Structure formats: structure tokens, C-alpha cells
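# What the coordinates show
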Amino acid sequence: MTLPPGFQFSQASLQDYVDCPRRFQLRYLLALQWPAVQAEPVEEHEQRMVLGQAFHRMVQQRLVGLPEEAIARAASNAELLRWWQSFLAYRPITAFCGDQPGTWMRGEYMLAGGVGGHRLVAKYDVLSVAATGQVTILDWKTSTKRTPDDALRERLQTRVYPFLAVQAGAHLNGDRPIDPSHVTLVYWFPEAPGSPARIAYGPEQYAADHRYLTDLIGLIALAEGDGFPMTQDESRCRFCVYRSYCDRGSTAGRLDELIAAWDLGAAPEDIDLDFEQIGEIAF
Ligand code: SF4
């Protein structure tokens, strides 16, 4: 089974393949709808997804110049308001990106690059490039618990975001190549504002990520039939919407377990990329 024409890889689709090749096949090659709920209780699960997306929207509104008070007044929920107050108290954008004149900065910004002849895209919550060439990637994680550093480092997002910033971001740096050692990825948690995860990048990691992503995307592109096996880690199936297709149980996992595992707020927007807004194509 070949990739659909024009298929574009993202950290979300690569993460799906790494977690379970069968899930990648069902979601991206067969384009099957989600027949099962991801976690129970359903209403609380949906509410948390909505809150995560709302927080991302509030920060974006601030970045485009809306007054902080107006954004706070529109907060529909006490938890969301608390996250916003946390954001205002810690001001992570200034803390991590600085406020030097000449800094380029955008929210919800998209970049596209090329790996092994295939397109790879990413959407950044915040991407900034200082006049010094220092690149900062900020990502909001609205999980109720702070994700451990080890788990963050294993995510495809942690590889793809800095990699693409280097590969496809030169136009944001006065057309000068971006030095990988000038790139920092920061995960910031409204629920743990004083405990961000700062992940430095560098040329060795960039080269390693290039090799890893080339091998992974090449493997997926060449896979056929049996190349998309079901994961052997059946604990993953408890939070997978394709359980019924795989005969891997009918009961969803509990929401609190899923939240502890990863951030709900990030997943939907990573899947639903708006490719019209991609800023650069660099194959
Ligand atoms: S239910 Fe399990 S085996 Fe099936 S796609 Fe989901 S994670 Fe993979």
C-alpha cells in the first residue's frame, strides 16, 4: 500500500507509526474514521481537549495584539482562567524568547522541509529568531501533570521541531543558515509554570535526527501489507480509537491515565494541519 499522493509527514503521523504501525495505516492510508472513544469519561475527555485548544488560542490572540484583560474576560472556564493567570505571572514568551529589538516571532507558525524525498511539516505554538540567530521554540502542554523529561525526549515532536527549524528556517534568519547549537525547544506547562522543560539542540543531534527521520520515513514509504503490524504493547490500545478494528478490547482507558501519559491539547491541532499557511518549502 503506497502513501496517498502528496502525503506530508508530521510529528503526529510519525508518532502514530512509532507507537503502532497499524494505527498509522488505519488513520493515514485507509483514512478510517474514529469508531471508538479515546478515554472515559467521554465528556471530561472532550472538555479537556477543548480547554487545551482554547488555551493555545488565547496565547495566539495575545501574540497578535489583543489586550490581556479582554482575553481573560473571554475565558469560559475557571481552569482556563487559572492557566491564563499562570501565563501572565510567568510570561514564558518573554522569559524564553527575550524581548530584544529585531527578534522575529510568530505563533501557530508552520514550516515544511524535505526528508528522503518526502515532505515533513510542523506547526509551532511559538517560533522566534533573535537578531543573534538564537532560535526558540515554545510549546504549550496543558496536561494536568508535568510530563517527565524522559518522556518528552522520546517524543517525535522533540526531534521534528528543532530539526525543521534548522532545515527550513533560514529565511527567518536573514537567509543565513541556522546553527543547530543556537536552537532551544521549551515545553511550558500552565499547571507547572515554574518547571518548564528546556531541551538544547546541536549539530550532532541534528545529524542524528536527519538519519533517524530519513530511515523512519523511508521505512514507512516502502512498507506494504505486513509492514503495518499491530503494536505488541497492548496497553497502547486502551487509548486508541481503533480498538474495534483490531479486536483489542471495547473499554476505553481512564482519562486520568491518558492525561498523565501525554498532553491532550496538542494532539488534535497537530493532526489537523492547515497546509495553506506553511511558510517555507525547502526540499
Ligand atoms: S487498537 Fe492497538 S493495535 Fe489497533 S491501531 Fe490501535 S494501538 Fe494499534
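A brief report on the enclosed structure follows. Numbers given for residues are sequential positions, taken from 1 along each chain in its written order. Thresholds applied to this predicted model are a pLDDT of at least 70 for local features of residues and 80 or more for the giving and counting of side-chain atom pairs; totals over whole chains, interfaces and linings are not thresholded and use all residues.

### A look at the overall build of the chain
Quick note on the threshold: A run of H or I in DSSP becomes a helix once it reaches four residues, and a run of E becomes a strand once it reaches two; helices and strands are each numbered from the N terminus. Distance between backbone-placed C-beta atoms decides contact: two residues are in contact if it is within 7 Å.
Summing up its helical and strand segments, the chain has twelve helices and nine strands in all. When contacts within the chain are restricted to residue pairs at least 6 apart in sequence, those whose partners lie at least 24 apart make up 73%.

### Thoughts on the packing of helix α1 (residues 11–19) against helix α2 (residues 21–29)
As a reminder, the rule being used: To obtain an axis, a line is fitted to C-alpha atoms, over the contacting stretch when the element is a helix, and the angle between two such axes runs from 0 to 180 degrees between their N-to-C directions. An angle below 35 degrees is treated as roughly parallel, one above 145 as roughly antiparallel, one from 65 to 115 as roughly perpendicular, and anything else as oblique. For this classification, Asp, Glu, Lys and Arg are treated as charged, while Ala, Val, Leu, Ile, Met, Phe, Trp, Tyr, Cys and Pro are nonpolar and the rest, including Gly, are polar.
Contact geometry of α1 with α2 gives a least axis separation of 5 Å together with a crossing angle of 135°. Taken together, the axes of α1 and α2 lie oblique to each other. Mapping the contact onto sequence places Ser13, Asp16, Tyr17 and Asp19 in α1 and Pro21, Arg23, Phe24, Arg27 and Tyr28 in α2. Taken together, the residues that form the contact of α1 with α2 break down as four nonpolar, one polar and four charged.

### Describing the nonpolar core
Put simply, the test is: Think of a nonpolar core as buried Ala, Val, Leu, Ile, Met, Phe, Trp, Tyr and Cys residues, each tied to the set through C-beta atoms within 7 Å. Each residue is classified by how many other C-beta atoms fall within 10 Å of its C-beta atom, where C-beta atoms are placed from the backbone; a count of 20 or more means buried, 12 or fewer means exposed, and values in between mean partly exposed.
Counting residues in hydrophobic clusters, the biggest one holds 53 residues, and the most contacted among them are Leu120, Ala122, Ile137, Val160, Tyr161, Leu164 and Ala165. Counting residues per element, this core draws most heavily on helix α8 (residues 156–168), at eight residues. Contact partners of tyrosine 161, with chain neighbours within four places excluded, come to Ala122, Tyr124, Ile137 and Leu185.

### Re the site of the ligand
Keep this limit in mind: Only the C-beta atom matters for nearness: placed from the backbone, it must lie within 6 Å of the molecule or strand for the residue to count as near.
By nearness alone, 13 residues border the ligand, and Cys20, Met230, Cys237, Cys240 and Cys246 come closest of all. For the shell around the ligand, the elements supplying multiple residues, two or more each, are α2 and α10 (243–246). Of the residues assigned to the shell around the ligand, the class counts are seven nonpolar, one polar and five charged.

### Focus on the packing of α1 against α8
Which entries qualify depends on this criterion: Crossing handedness is read from the near helix: turned anticlockwise from the far helix by less than a right angle, it gives a left-handed crossing, and turned clockwise, a right-handed one.
At a minimum axis distance of 9 Å, the contact between α1 and α8 shows a crossing angle of 145°. Here α1 runs over α8; the crossing is right-handed. Together, Gln11, Leu14, Gln15 and Val18 of α1 and Leu156, Gln157 and Val160 of α8 make up the contact between the two elements.

### Re the pairing of strand β3 (residues 104–115)
Here is the rule: If DSSP finds at least two bridges between two strands, the strands pair.
Two strands pair when backbone bridges link them, and β3 and strand β4 (residues 118–129) are joined in this way by eleven bridges, in the antiparallel orientation. Bridged to leucine 111 within β4 is alanine 122. Connecting β3 to the antiparallel partner β4 that follows it, the hairpin turn spans two residues, and glycine 116 within it adopts a positive phi of roughly 60°.

### Focus on unusual backbone geometry
In this structure, glutamate 108 is a non-glycine residue whose phi angle is positive, near 50°. Tracing the backbone shows glutamate 108 in strand β3. Even without glycine at this site, aspartate 247 takes up a positive phi of about 55°. Relative to the assigned elements, aspartate 247 resides in the loop between α10 and β8 (253–254).

### Things to note about the pairing of strand β6 (residues 183–188)
Judged by how many residues are buried, β6 sits mostly within the fold: five of six residues are covered. As paired strands, strand β5 (residues 135–140) and β6 are joined by six bridges and run parallel to one another. The partner of threonine 136 across the bridge, within β6, is threonine 184. Across four bridges, β6 lies against strand β7 (residues 197–200) in antiparallel orientation. Its bridge partner being in β7, tyrosine 187 is matched across the sheet by alanine 197.

### Focus on α2
For the α-helix, the turn length of 3.6 residues means that residues three or four positions removed from each other point alike. With seven of nine residues buried, α2 is to be regarded as a mostly interior element. Turning to α2, its buried residues are Arg22, Arg23, Phe24, Gln25, Leu26, Arg27 and Tyr28. Those residues of α2 hidden inside the fold are in contact with α1, α9 (203–222) and α10.

### Overview of helix α5 (residues 78–90)
Keep this limit in mind: A helix is expected to reach a length of 1.5 Å times the quantity of its residues less one. Here the arc refers to the directions that run from the helix axis out to each C-beta atom.
An ideal rise of 1.5 Å per residue puts 18 Å on 13 residues; α5 measures up with 18 Å between its terminal C-alpha atoms. Looking at α5, one finds that the buried residues are Leu80, Trp83, Trp84 and Phe87. Down the axis of α5, the buried side of the element spans an arc of 100°, and every buried residue falls inside it. Turned more than 90 degrees from where α5 packs its buried face, Ala78 and Ala89 sit exposed. Of the residues trailing α5, arginine 91 is marked for its positive phi of about 45°.

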